[in-house]
Amino acid sequence: LTLFFAAFTLLRGYLLANLRTRVDLAGAARLLEHLVSLPLPYFQERSAGDLMVRVRSNEVLREALSTSMLASVLDGSLVAIYLCALVWILPSVALVVVGLTVVNAVVYLAFRRRQKELVAEAQHRQGVADGHLIDTITGIETLKVAGAEGGATTKWTSLYVDVLNATLKKAR
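Everything numeric in this text was worked out from a predicted model, so none of it was measured. (Residues numbered from 1 in each chain as written. Predicted model: local features only at pLDDT ≥ 70, side-chain atom pairs only at ≥ 80, totals over all residues. Heavy atoms only, no water.)

A word on the overall build of the protein chain. Broken down by element type, the protein chain carries six helices and zero strands. When the helices and strands of the protein chain are listed from N to C terminus, the series reads α-α-α-α-α-α. Over its C-alpha atoms the protein chain spans a radius of gyration of 23 Å, topping by over 25% the 16 Å that the globule rule assigns to 172 residues. Projected onto the principal axes, the alpha-carbon positions of the protein chain cover approximately 75 × 35 × 30 Å. Once local pairs closer than 6 in sequence are excluded, the contacts in the protein chain between residues at least 24 apart make up 75%. (Helix = DSSP H or I, 4+ residues; strand = E, 2+ residues; numbered from the N terminus. Rg over C-alpha atoms; globule rule 2.2 N^0.38 Å. Contact = heavy atoms within 4.5 Å.)

The structure is reproduced here in structure tokens:
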């Protein structure tokens with residue numbers, strides 16, 4: 001049994017690392033090709049921060065598709081093996097486990113849409129804050145000449161508080 005788990009852990013790690021590397025390379029190249037093929041108005045309507053958040057969210061999606069999905073499939077296989085053993089050894093406990101799993105799935109499905117909305121809001125607010133920060137850094141010479149560093153800092157702090165509030169709302 002110990003050898004099975006050791007072999008399974010090694011295989012899981014190897015498969016995850018290999019798949020993540022392949023997906024990351026292919027995804028990053030396709031994303032850049034797509035991004036540079038978009039019309040100029042797309043870039044004019046969005047701040048640099050918004051574009052950076054979109055790129056980052058694509059990285060999160062690639063991570064979910066490569067690492068998390070494969071890990072779920074591999075770990076799900078192991079759970080199925082455990083469940084079969086549990087049904088064979090203690091069927092009543094297996095029934096409780098299946099029941100709790102169904103309850104967990106129902107709760108997840110009930111709150112999934114709201115969670116998705118909260119994630120989108122947090123990403124939008126992060127994009128606005130990042131855009132302001134990028135504008136501040138790239139325009140630092142103008143800010144210093146105008147003596148407007150304090151205003152830029154206050155504005156970014158306010159935007160960052162919005163990011164933190166959206167993140168807190170998402171966590172609750």
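Alright, that's what it looks like, and here's the rest.
On to the packing of aromatic side chains, then. Using the criterion set out here, one finds two aromatic pairs in the structure. Relative to F43, the ring of Y42 lies with its centre 5.6 Å away and its plane at 85°, an arrangement referred to as edge-to-face. Looking at F43, the relative accessible area reads 27%, which means it is partly exposed. Look at W156 and Y160: their rings are 4.9 Å apart centre to centre, the planes differ by 15°, and that puts the pair in the stacked class. (Phe/Tyr/Trp six-rings, centres within 6.5 Å; stacked < 30°, edge-to-face > 60°. Buried < 20%, exposed > 50% of the residue type's maximum accessible area, 1.4 Å probe, protein only.)

Relative to the helices and strands, L35 resides in helix α1 (residues 2–37). Separated by 16 residues in sequence, L35 and L51 place their C-alpha atoms 9.4 Å apart.

Turning our eyes to something else, we now look at the packing of helix α4 (residues 91–138) against helix α6 (residues 149–171). Packing of α4 against α6 leaves a shortest axis separation of 9 Å and a crossing angle of 165°. In this view, α4 runs roughly antiparallel relative to α6, as classed from their interaxial angle. Where α4 crosses over α6, the handedness of that crossing is left-handed. Split by residue class, the contact of α4 with α6 holds twelve nonpolar, four polar and seven charged. (Axes fitted to C-alpha atoms, helices over the stretch in contact; angles between N-to-C directions. Parallel < 35°, antiparallel > 145°, perpendicular 65-115°, else oblique. Left-handed = near helix turned anticlockwise from the far one by under 90°. Nonpolar A, V, L, I, M, F, W, Y, C, P; charged D, E, K, R; others polar.)

In total, this model carries seven salt bridges according to the counting rule given. Where R113 meets E117, a salt bridge forms, and the shortest distance between an N and an O atom there is 3.8 Å. Of the two residues, R113 and E117 both sit in helix α4, four residues apart, roughly one turn of that helix. E117 sits in the partly exposed class, given a relative accessible area of 40%. (Salt bridge = Lys/Arg side-chain N within 4 Å of Asp/Glu carboxyl O.)

It is worth spelling out a nonpolar patch on the surface at this point. On the surface, W88, I89, L90, V93 and V97 cluster together to form a nonpolar patch covering roughly 530 Å² of accessible area. Taken together, the elements giving at least two residues each to the nonpolar patch come down to α3 (48–89) and α4. On the basis of relative accessible area, L90 is assigned to the partly exposed category, the value being 42%. (Patch = residues over 30% accessible without salt bridge, like charges linked within 9 Å, V, L, I, M, F, W, Y side chains within 5 Å. Areas by Shrake-Rupley, 256 points an atom, 1.4 Å probe, with all protein chains shown as cover.)

Next up on the list: α1. Here α1 contains 36 residues, and its C-alpha end-to-end distance of 52 Å stays within 8% of the 52 Å for a straight helix at 1.5 Å per residue. For α1, every residue scored as buried is listed here: F8, L16, G27, L31 and L35. (Expected span 1.5 Å × (residues − 1).)

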